[in-house]
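Topology and contacts: notes
The residues making up each chain are set out below.
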Amino acid sequence: MSWFWPEGFYALLMVAVFFAATFWLELPIAVAMVFASLAGALAAGEGIPLRHLVEGEFGYLDTIMVIASAMIFMKSAQKTGFLDAFAVWIIRRFRRMPAFLSLGILLLIMAPGMITGSSIASVLTTGALVAPVLVTLGLESGRAGAVISMGALLGMVAPPVSIPAMIICAGVDIPYVGFTVPLLICTLPLAAIFALTMVYPVIRRFEDEGALEAQLEGMNARPLTLRLSLPVLVLVALIAAEQFLSGSRYWHFLGMPAIFLIAAASALLTGVRWNPMEAAAEAIDDSLPIMSVLMGVGMFIQVMTLIGAEGLVVVSALSLPSWGLLASVLIAMPLFGAISAYGSASVLGVPFLLAFSGHDVVIVASALGMLASLGDLMPPGTLSPFFAARALGVEDRFRIARRCLWPGVTVALWCLAVILMSDAIARHIR
């Protein structure tokens, strides 16, 4: 099958319409995907396929429910003051151990993304929280923004909620099970590298304790107590039970949305007054852009399948020689991720996973999901650097994006190594 066939024209038309709607008409990504889907269907003679559009819109309903419930949990942790308290505790506890403090700061930035599957959630919550602290510790604002951007990107991929991996799983109809260790292998080594190369060399020379203490006092954080930590403890306990007791007679499967909502409800027992309805409304409002993108991606993929364009992409990927396949994965997934990291995971992640069918699918899907997430660093959107620049008051977001160049290349090369070693890794972890 060739790209000169009608299916190739339809696929290129859909991509062209998407780019025109996004960058020329400046429409939201979700709306641009709807227009691209309609253009592809009309060009292929399918008219306006309402059934397929609606079916595609709800194709990622499970993932959308996870995002919404995870954002409600994050809002509950924010409203009770846990995030502020935990950040202050980490900084004070490890101030005399700069290597551990560097790791702690990066993991703190990652945490919201690990729970919500969104890099933007990380930047806007703990990223914004630690931004002034990083500057006080001596990091230049461009470097601090790069730390926040890379931490947010790693958090987006790390378990328990990795939306790019979940999207790839949905595309090939495999369960999102057994991804915890592979996703940790993809993310934790890089987190250690970035912490020790981007943060540690600066903060180990920091000596102005008075300025740091004034910064921490200004955060007005509550003391970190077990009671305040209750929602997080409940969340960890339920996830652990789901992981190790699932299928036994002692545990009934709950699912991630129910786990997040139960953990959020436990925040009512922390002794802090907060309005759960207001927090839930804010959480849904904050997650609407992400959920709408997933709906648009679902329509886009459904129409591509209807008109045969997705089959063309799959066959093209399967027909590539090994070196061409690896080069395509390294280049195409991050570049397509500039449109949408979730779209890259869906449009390209599925055919590339099928092309690597001789390798361990769980580990390869984890690495492909991480490659797709690099789209959040790509221009013109540069989502993570853009929001990091806002948190730091930096006018030129590309100053931060340029600082992310070598970490981004490092991520891509590590993903390639994980794919190539996937079978060996699988033998050691199972």
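Right above here is the structure, for reference.
The structure reproduced in this document is the subject of the present report. Since the structure is predicted, the reported quantities are computational estimates derived from the model, not experimental observations.

The rules behind each value
- Residues numbered from 1 in each chain as written.
- Predicted model: local features only at pLDDT ≥ 70, side-chain atom pairs only at ≥ 80, totals over all residues.
- Heavy atoms only, no water.
- Helix = DSSP H or I, 4+ residues; strand = E, 2+ residues; numbered from the N terminus.
- Rg over C-alpha atoms; globule rule 2.2 N^0.38 Å.
- Buried < 20%, exposed > 50% of the residue type's maximum accessible area, 1.4 Å probe, protein only.
- Contact = heavy atoms within 4.5 Å.
- Areas by Shrake-Rupley, 256 points an atom, 1.4 Å probe, with all protein chains shown as cover.
- Lys, Arg positive; Asp, Glu negative; His and termini not counted.
- Charge placed at Lys NZ, Arg CZ, Asp CG, Glu CD.
- Axes fitted to C-alpha atoms, helices over the stretch in contact; angles between N-to-C directions.
- Parallel < 35°, antiparallel > 145°, perpendicular 65-115°, else oblique.
- Left-handed = near helix turned anticlockwise from the far one by under 90°.
- 1 Å grid on protein atoms, 1.4 Å probe; cavity = no way out; pocket = protein on both sides within 12 Å on 5 of 7 lines; lining within 4 Å.
- Points joined across faces, edges and corners; volume = space filled by probe spheres on them.
- Nonpolar A, V, L, I, M, F, W, Y, C, P; charged D, E, K, R; others polar.
- Phe/Tyr/Trp six-rings, centres within 6.5 Å; stacked < 30°, edge-to-face > 60°.
- Salt bridge = Lys/Arg side-chain N within 4 Å of Asp/Glu carboxyl O.
- Patch = residues over 30% accessible without salt bridge, like charges linked within 9 Å, V, L, I, M, F, W, Y side chains within 5 Å.

1. Quick notes on the overall build of the protein
Check the secondary structure of the protein and you find 23 helices and zero strands. Radius of gyration (C-alpha) of the protein: 22 Å, near the 22 Å computed for a compact globule of 430 residues. Expressed along its principal axes, the backbone C-alpha trace of the protein runs to roughly 70 × 50 × 50 Å. Taking all 430 residues of the protein together, 52% fall into the buried category. Of the contacts formed within the protein by residues at least 6 apart in sequence, a portion of 78% connects residues at least 24 apart. When the accessible surface of the protein is totalled, it reaches about 18500 Å², and 68% of it is carbon and sulfur. Here the protein carries 21 positive and 25 negative side-chain charges, and the mean point of each set is 11 Å from the other.

2. Some remarks on the packing of helix H10 (residues 180-203) against helix H22 (residues 405-420)
Where H10 meets H22, the axes come as close as 11 Å, and the angle between the chain directions of the two elements is 150 degrees. In this view, H10 runs roughly antiparallel relative to H22, as classed from their interaxial angle. Like other packed secondary-structure pairs, H10 and H22 cross with a definite hand, here right-handed. Touching Ile185, Cys186, Pro189, Leu190, Phe194, Thr197 and Met198 of H10 are Trp406, Pro407, Thr410, Val411, Trp414 and Val418, all from H22.

3. A word on empty space enclosed by the protein
Using the criterion set out here, one finds one cavity of 30 Å³ or more in the structure. Its boundaries defined by the atoms lining it, the largest cavity holds a volume of some 50 Å³. Looking at the largest cavity, the residues that line it are Val15, Phe18, Met33, Phe300, Phe336, Ile339, Gly343 and Val347. Elements with a minimum of two residues in the lining of the largest cavity: helix H1 (6-24) and helix H17 (341-347). For the lining of the largest cavity, the residue count by class is seven nonpolar, one polar and no charged.

4. Let's talk about the packing of helix H8 (residues 141-157) against helix H19 (residues 361-373)
Between H8 and H19, whose axes approach to 9 Å, the crossing angle comes to 145 degrees. Judged by the twist between their axes, the crossing of H8 over H19 is right-handed. Two secondary-structure elements touch here, H8 through Leu153, Leu154, Met156 and Val157 and H19 through Ser366, Gly369, Met370 and Ser373. Among the residues forming the contact of H8 with H19, the class breakdown is five nonpolar, three polar and no charged.

5. A word on the packing of aromatic side chains
To describe a pair of aromatic rings, one takes the distance between the centres and the angle between the planes. One pass over the full model with this rule turns up 10 aromatic pairs. Between phenylalanine 386 and phenylalanine 387 the ring centres are 5.1 Å apart and the planes differ by 80 degrees, which places this aromatic pair in the edge-to-face class. Taken together, the aromatic side chains of Phe82, Phe86, Trp89, Phe94 and Phe100 make up a single cluster linked through ring pairs.

6. Observations concerning the pattern of salt bridges
Scanning the model with the defined rule gives nine salt bridges in all. Taking the shortest distance from any N to any O, the salt bridge between arginine 399 and glutamate 140 comes out at 2.3 Å. Of the two residues, arginine 399 sits in helix H21 (residues 397-403) while glutamate 140 sits in the loop between helix H7 (119-136) and H8, which places them 259 residues apart along the sequence. We classify arginine 399 as partly exposed; its relative accessible area is 29%. Connected through salt bridges with shared partners, the residues Lys75, Lys79, Glu278, Glu282 and Asp286 form a single ionic network.

7. Digging into the layout of surface pockets
One number sums up the size of the second largest pocket: a volume of about 850 Å³. Lining the second largest pocket are 39 residues, with Ile120, Pro289, Ile290, Leu383 and Phe387 sitting closest to its centre. Tallied by class, residues from the lining of the second largest pocket come to 23 nonpolar, 11 polar and five charged.

8. Remarks on a nonpolar patch on the surface
A cluster of nonpolar side chains, contributed by Val54, Phe58, Leu61 and Met65, occupies part of the molecular surface with about 360 Å² of accessible area. Relative to the elements of secondary structure, phenylalanine 58 occurs in the loop between helix H3 (50-57) and helix H4 (61-79).

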